[in-house]
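Chains, contacts and geometry: an overview
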Amino acid sequence: MRRRDFLKLSVGTAALGAFAGRASAQGAVKEIRIGYQKNGVLVITRQQAALEKHFTPQGIEVKWVEFSSGPPMMEAMNVGSVDYGAVGDSPPVFAQAAGAAIVYAAGQPITNGQGILVPKDSPIRSIAELKGKRVGFTKGSSAHNIVVQTLEKAGLTYADITPVYLAPPDAGPAFGNGSIDAWAIWDPYFAIGEVKQNGRILVNAHEITKTNSFYIANRDFAKNHGAVLQQIIDVTSATAAWGEQHRDEVAKSLAAVTGVPLDIQTIAAKRQSFAVGPVTDDIVTTQQGVADRFHKLGLIPKPIVIRDIVWRNPAA
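Residues numbered from 1 in each chain as written. Predicted model: local features only at pLDDT ≥ 70, side-chain atom pairs only at ≥ 80, totals over all residues. Heavy atoms only, no water.

1. Some words on the packing of helix α11 (residues 226-245) against helix α12 (residues 247-258)
We apply this condition: Lines are fitted to the C-alpha atoms to define the axes, a helix being fitted only along its stretch in contact, and any angle between axes, read from their N-to-C directions, falls within 0 to 180 degrees. Secondary structure elements are defined from DSSP: runs of H or I of at least 4 residues count as helices, runs of E of at least 2 residues count as strands, and each element is numbered from the N terminus. Contacts are residue-level and defined by heavy atoms, with any inter-residue pair within 4.5 Å sufficient. Residues are grouped as follows: nonpolar covers Ala, Val, Leu, Ile, Met, Phe, Trp, Tyr, Cys and Pro; charged covers Asp, Glu, Lys and Arg; every other residue, Gly included, is treated as polar.
At their nearest, the axes of α11 and α12 sit 6 Å apart, and the two run at 115 degrees to each other. Contacts between α11 and α12 involve Trp242, Gly243, Glu244 and Gln245 from the first element and Arg247, Glu249 and Val250 from the second. Considered class by class, the residues forming the contact of α11 with α12 number 2 nonpolar, 2 polar and 3 charged.

What follows is the structure, encoded as structure tokens:
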């Protein structure tokens, strides 16, 4: 992916400027900017004010920045407007290939909650029948990877479909009005497509391949403030452990923070994995497979080595 193409996925300059005003890179941390989407552990963390409770006694302010998908979060992180955030497997691959200043801070296996939807009355009943169809998904997102691997499983190529690149807020209406034949997406939009837009699950991602989501940090933040980053990871991990045991409360938290209806977030919470841990060798291997596949298809311009940007706490 060329640099200017990657920049098209970014938030605007004005939005980035709104997050200026932090301490110098080498100075004491006065503010932490957390990027989040409408799902996952960070939403729970925000609703519980877990990071605020941890860092306020240290004189550190926590600010939250919402994104509709991972690619614009990666660009914001690259320019230093976000310090830490959660994304799927594909955004950091595209970002690394574009030279973004990011590192993998932690990993989270995905066991459910994403896949490909078709309208309930669609004649499409198998992956092979996606051939020649318009498939909507966010370019550079985890859904992008699911589409690629799903097609491979059916013996199809990327050229066998018409990809329609849409952010989730635009893809939902397109799916609802029939502008696209299938929609590759993650929760809570996955559940919205099922419940509110009369969708039918063609394939669940876990039936196709192992997938992971990641907690990504700005490279300079990780280098200069490793102790603070480790504390953020620890709080995130503790929140995740709580979430595994309190899914009804998780659904309420997700609904409260995101505005997505409780019935939708309940579906998402019931099927999500919340375990957060180190970026293990197995996760690196799986993620390297994503990168290699994207390079082979020409979706990124050069081969990359995932392990090169995996952060290790030097104090550990």
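2. Remarks on empty space enclosed by the protein
Put simply, the rule reads: Think of a 1 Å grid over just the protein atoms. A cavity is a set of points where a 1.4 Å probe fits yet cannot get out, a pocket is an open set with protein on both sides within 12 Å along at least five of seven lines, and lining residues have an atom within 4 Å of a point. Grid points are joined across faces, edges and corners, and a volume is the space filled by probe spheres set on the points.
Under the defined criterion, the tally for this structure stands at 1 cavity of 30 Å³ or more. Looking at the largest cavity, its volume works out to about 400 Å³. In this structure, the largest cavity is lined by 26 residues; those nearest its centre are Asn39, Ile110, Trp186, Ser213 and Gln272. Of all the secondary-structure elements, those providing two or more residues to the lining of the largest cavity are β3 (84-87), β4 (102-110) and β10 (211-218). Considered class by class, the residues forming the lining of the largest cavity number 10 nonpolar, 15 polar and 1 charged.

3. Section: the sheet that holds strand β6 (residues 134-137)
Backbone-to-backbone hydrogen bonds pair the strands of a sheet. The strands run either parallel or antiparallel. Basically, it comes down to this: Paired strands are those between which DSSP finds at least two bridges.
As summarised here, the arrangement of the 5 strands in space is β7-β6-β8-β5-β9, forming an open sheet in which the pairing is mixed. Each having just a single partner strand, β7 (162-165) and β9 (199-204) make up the two edges of the open sheet. Sheet twist, expressed as the mean angle between neighbouring strand axes with direction ignored, is 30 degrees. The pairing of strand β5 (residues 114-119) with β9 spans 5 bridges and is classified as antiparallel. Among the inter-strand pairings, Val118 is bridged to a residue of β9, identified as Arg200. Across the sheet, helix α7 (residues 142-153) lies against β5, β6, β7, β8 (182-186) and β9, angled at about 130 degrees from β8, the strand it touches most. On top of the sheet, helix α8 (residues 168-176) reaches β5, β8 and β9; it is set at about 145 degrees to β8, its chief contact.

4. What about the packing of aromatic side chains?
Stated precisely, the cut-off is as follows: Between 30 and 60 degrees the pair is tilted, below 30 it is stacked and above 60 it is edge-to-face, where a pair is any two Phe, Tyr or Trp rings, Trp via its six-membered ring, whose centres lie within 6.5 Å. Partly exposed residues are those whose accessible area sits between 20% and 50% of the maximum for their type, while under 20% is buried and over 50% is exposed, using a 1.4 Å probe and protein chains only.
For the coordinates displayed, the defined rule picks out 7 aromatic pairs. Measuring from centroid to centroid gives 5.7 Å for Phe175 and Trp183, while their planes differ by 40 degrees, and the two rings are tilted. Just as Phe175 is buried, Trp183 falls in that class too. An angle of 85 degrees between the planes, with centres 6.4 Å apart, marks the rings of Trp186 and Tyr189 as edge-to-face. The exposure class of Trp186 is buried, given its relative accessible area of 8%.

5. What to know about the sheet that holds β4
Ordered by their spatial adjacency, 5 strands build an open sheet running β2-β1-β3-β10-β4, and the pairing between neighbours is mixed. The sheet terminates laterally at β2 (61-66) and β4, the two strands that pair on one side only. With strand direction ignored, the average angle separating the axes of adjacent strands in the sheet is 20 degrees. Where β3 and β10 come together, 4 bridges link them in antiparallel fashion. Each residue of the ladder has a partner; that of Val87, found in β10, is Phe214.

6. Examining the pattern of salt bridges
Note the following rule: Throughout this description, the term salt bridge denotes a Lys or Arg side-chain nitrogen within 4 Å of a carboxyl oxygen of Asp or Glu.
One pass over the full model with this rule turns up 12 salt bridges. Between Glu31 and Lys63 there is a salt bridge; the shortest N-O distance is 3.3 Å. Here Glu31, found in strand β1 (residues 31-36), pairs with Lys63, found in strand β2; they are 32 residues apart in sequence, far enough to count as distant. Assessed through its relative accessible area of 7%, Glu31 is described here as buried.

7. Topic: the nonpolar core
Rules: Side-chain atoms within 4.5 Å are what join buried Ala, Val, Leu, Ile, Met, Phe, Trp, Tyr and Cys residues into a set we call a nonpolar core.
Residues Val93, Tyr104 and Leu130 are the most contacted members of the largest nonpolar core, which totals 61 residues. Tyr36, Tyr215, Val228 and Val235 belong to the second largest nonpolar core, which has 36 residues in total.

8. What to know about unusual backbone geometry
As a rule of thumb, non-glycine residues mostly have phi less than zero, and peptide bonds are mostly trans rather than cis. In this chain, Asp187 is followed by Pro188 through a cis amide linkage whose omega measures 5 degrees. With respect to the helices and strands, Pro188 occurs in the loop between β8 and α9 (189-195). Phi at Asn198 takes a positive value of approximately 60 degrees, unusual for a residue other than glycine.

Scope: geometric values only; no functional claims are made or implied.
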